[in-house]
Amino acid sequence: MRGGAMSIPAPIHSPPTPTPKVVTVGIPDGDEILNTPALASRLGISERHVLAMIRDGRLPCMRVGRSLRFRWSTVLAALSK
């Protein structure tokens, strides 16, 4: 290039990240699987309180990898005892 003009390369864009799909195989209609923040929000308590309730045996949960999941109907049944 002459005259000091520089060519600017076109920006490289990565493809959009696909939105994860919610899989509800084997879950009855109307039942929900919640993560810790969602459950804490729905119950109106802190995430730390949810974890304390698990440790005390008052709240059942499932482990998916390193994450905790909660079936809403099971949580309601456990809290009604």
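Conventions we followed
- Residues numbered from 1 in each chain as written.
- Predicted model: local features only at pLDDT ≥ 70, side-chain atom pairs only at ≥ 80, totals over all residues.
- Heavy atoms only, no water.
- Helix = DSSP H or I, 4+ residues; strand = E, 2+ residues; numbered from the N terminus.
- Buried < 20%, exposed > 50% of the residue type's maximum accessible area, 1.4 Å probe, protein only.
- Contact = heavy atoms within 4.5 Å.
- Areas by Shrake-Rupley, 256 points an atom, 1.4 Å probe, with all protein chains shown as cover.
- Pairing = 2+ DSSP bridges.
- Axes fitted to C-alpha atoms, helices over the stretch in contact; angles between N-to-C directions.
- Polar contact = N/O pair within 3.5 Å; in protein donor to acceptor, adjacent residues only side chain to side chain.
- pLDDT = per-residue confidence, 0-100.

*Asks:* Tell me about the overall build of the chain, and name the residues and values.
*Replies:* When helices and strands are counted, the chain shows 3 helices and 3 strands. Secondary structure elements of the chain occur, N-terminal to C-terminal, as β-α-α-β-β-α. Across the 81 residues that make up the chain, the buried fraction comes to 16%. A sequence separation of at least 24 residues applies to 46% of the contacts in the chain between residues at least 6 apart. When the accessible surface of the chain is summed, it comes to about 6800 Å², and 57% of that surface belongs to carbon and sulfur atoms.

*Asks:* Account for the sheet that holds strand S3 (residues 67-71), with residues named and values stated.
*Replies:* Pairing is antiparallel in the open sheet, where 3 strands are placed in the order S1-S3-S2. Every other strand in the sheet has two partners, leaving strand S1 (33-35) and strand S2 (62-64) as the edge strands with one partner each. Averaged over neighbouring strand pairs, the angle between their axes works out to 40° when direction is ignored. The pairing of S2 with S3 spans 3 bridges and is antiparallel. Bridge assignment links Val 64 to a residue of S3, and that residue is Ser 67. Of the strands in this sheet, S1 and S3 are in contact with helix H1 (residues 36-43), which crosses S1 at around 100°.

*Asks:* Help me get a handle on the side chain of Asp 31, residues and values and all.
*Replies:* With respect to the secondary-structure elements, Asp 31 resides in the segment before S1. Looking at Asp 31, its side chain comes within polar contact range of the side chain of Arg 71, at 3.4 Å. One polar contact links Asp 31 to Ser 73, side chain to side chain, over a distance of 2.9 Å. Once residues within four sequence positions are removed from consideration, Asp 31 is found in contact with Arg 71, Trp 72 and Ser 73.

*Asks:* An account of the confidence of the model for the chain is requested, with residue identities and associated values reported.
*Replies:* Mean pLDDT over the chain: 82, with 68% of residues reaching 70 or higher. Here S2 stands out as the least confident element of the chain, with mean pLDDT 92; helix H2 (residues 47-55) is the most confident, with 96.

*Asks:* Tell me what's going on with the pairing of S3, and back it up with residues and numbers.
*Replies:* The two faces of S3 differ: Leu 68 and Phe 70 on one face are buried, but Ser 67, Arg 69 and Arg 71 on the other face are not. Counted between consecutive antiparallel strands, the loop separating S2 from S3 contains 2 residues, among which Gly 65 sits at a positive phi close to 65°.

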